[in-house]
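Structure at a glance
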Amino acid sequence: MTYAIILFIVAGIGEIGGGYLIWLWLREGKPFYWGVLGGVALALYGVVATFQSFPTFGRVYAAYGGVFIVLSILWGWGIDGKKPDVLDWVGAGICLVGVMVILFPRA
């Protein structure tokens, strides 16, 4: 399960970081190469996600969705400086419970 969690985190950083770089390029006027680097990060995210050992695509991506939500909140807090409120944390906790329901009986 530790391997799965690490892969989810690495994939999340790739997806969120890649999307963020493209956001900065298109919305904040950063140089074109920021967008290119974002595209590379997004492509790598797609590859990393396939390293999961769970046998079904849908289940892996459903569980990853919950992890992605938590990582997005943390990214917004740490990188954008937008402090999450109580409802953000409650929602993130609900998502993590969903991840556990999906994955732990099969681990």
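Since we're looking at a predicted model, the values are computed, not measured. (Residues numbered from 1 in each chain as written. Predicted model: local features only at pLDDT ≥ 70, side-chain atom pairs only at ≥ 80, totals over all residues. Heavy atoms only, no water.)

Now for the confidence of the model for the chain. In the predicted model, the chain carries a mean pLDDT of 92, and 98% of its residues have values of at least 70. Least confident of the elements in the chain is helix α3 (residues 57–78), whose mean pLDDT is 92; most confident is helix α2 (residues 32–49), at 95. (pLDDT = per-residue confidence, 0-100. Helix = DSSP H or I, 4+ residues; strand = E, 2+ residues; numbered from the N terminus.)

With that out of the way, let us pick up the layout of surface pockets. Taken as a whole, the largest pocket spans an internal volume of roughly 240 Å³. Along the walls of the largest pocket sit 13 residues, with Ile5, Phe8, Val67, Leu96 and Val99 positioned nearest its centre. Where the lining of the largest pocket is concerned, the elements lending two or more residues are α1 (2–28), α3 and α4 (86–103). Of the residues contributing to the lining of the largest pocket, the split by class is 13 nonpolar, no polar and no charged. (1 Å grid on protein atoms, 1.4 Å probe; cavity = no way out; pocket = protein on both sides within 12 Å on 5 of 7 lines; lining within 4 Å. Points joined across faces, edges and corners; volume = space filled by probe spheres on them. Nonpolar A, V, L, I, M, F, W, Y, C, P; charged D, E, K, R; others polar.)

So, about the packing of α3 against α4. Closest axis-to-axis distance for the α3/α4 pair is 9 Å, and the angle between their directions is 155°. Between α3 and α4, the crossing angle belongs to the class labelled roughly antiparallel. Crossing of α3 over α4 shows left-handed handedness. For the pair formed by α3 and α4, the contact residues are Arg59, Ala62, Ala63, Gly66, Val67, Ile69, Val70, Ile73, Leu74 and Trp77 on the first element and Asp88, Trp89, Ala92, Cys95, Leu96, Val99, Ile102 and Leu103 on the second. Across the contact of α3 with α4, the residue classes tally to 15 nonpolar, one polar and two charged. (Axes fitted to C-alpha atoms, helices over the stretch in contact; angles between N-to-C directions. Parallel < 35°, antiparallel > 145°, perpendicular 65-115°, else oblique. Left-handed = near helix turned anticlockwise from the far one by under 90°. Contact = heavy atoms within 4.5 Å.)

Looking now at the packing of α1 against α3. Helix-helix packing is described using two parameters, namely the angle between the two axes and the distance between the axes. Taken N-terminus to C-terminus, the directions of α1 and α3 make an angle of 60°; their axes are 9 Å apart at the nearest point. In this view, α1 runs oblique relative to α3, as classed from their interaxial angle. Between α1 and α3 the crossing geometry is right-handed. Contacts between α1 and α3 involve Phe8, Ile9, Ala11, Gly12, Ile13, Glu15, Ile16, Gly17 and Tyr20 on the former and, on the latter, Val60, Ala63, Tyr64, Val67, Phe68, Leu71, Ser72 and Trp75. Of the residues belonging to the contact of α1 with α3, the class tally is 13 nonpolar, three polar and one charged.

On to α4. With 18 residues, α4 extends 26 Å from end C-alpha to end C-alpha; this agrees with the ideal 26 Å at 1.5 Å per step. Among the residues making up α4, those that are buried are Ala92, Val99 and Leu103. For α4, the angular spread of buried residues about the axis comes to 15°, placing them on one side. Residues Val86, Leu87, Ile94 and Val101 are exposed on α4 and point more than 90 degrees away from its buried face. As for α4, its buried residues are in contact with α1 and α3. Capping the start of α4, Asp85 holds a side-chain oxygen 3.1 Å from the backbone nitrogen of Leu87, two or three residues further along. (Expected span 1.5 Å × (residues − 1). Buried < 20%, exposed > 50% of the residue type's maximum accessible area, 1.4 Å probe, protein only. Arc of directions from axis to C-beta. Polar contact = N/O pair within 3.5 Å; in protein donor to acceptor, adjacent residues only side chain to side chain.)

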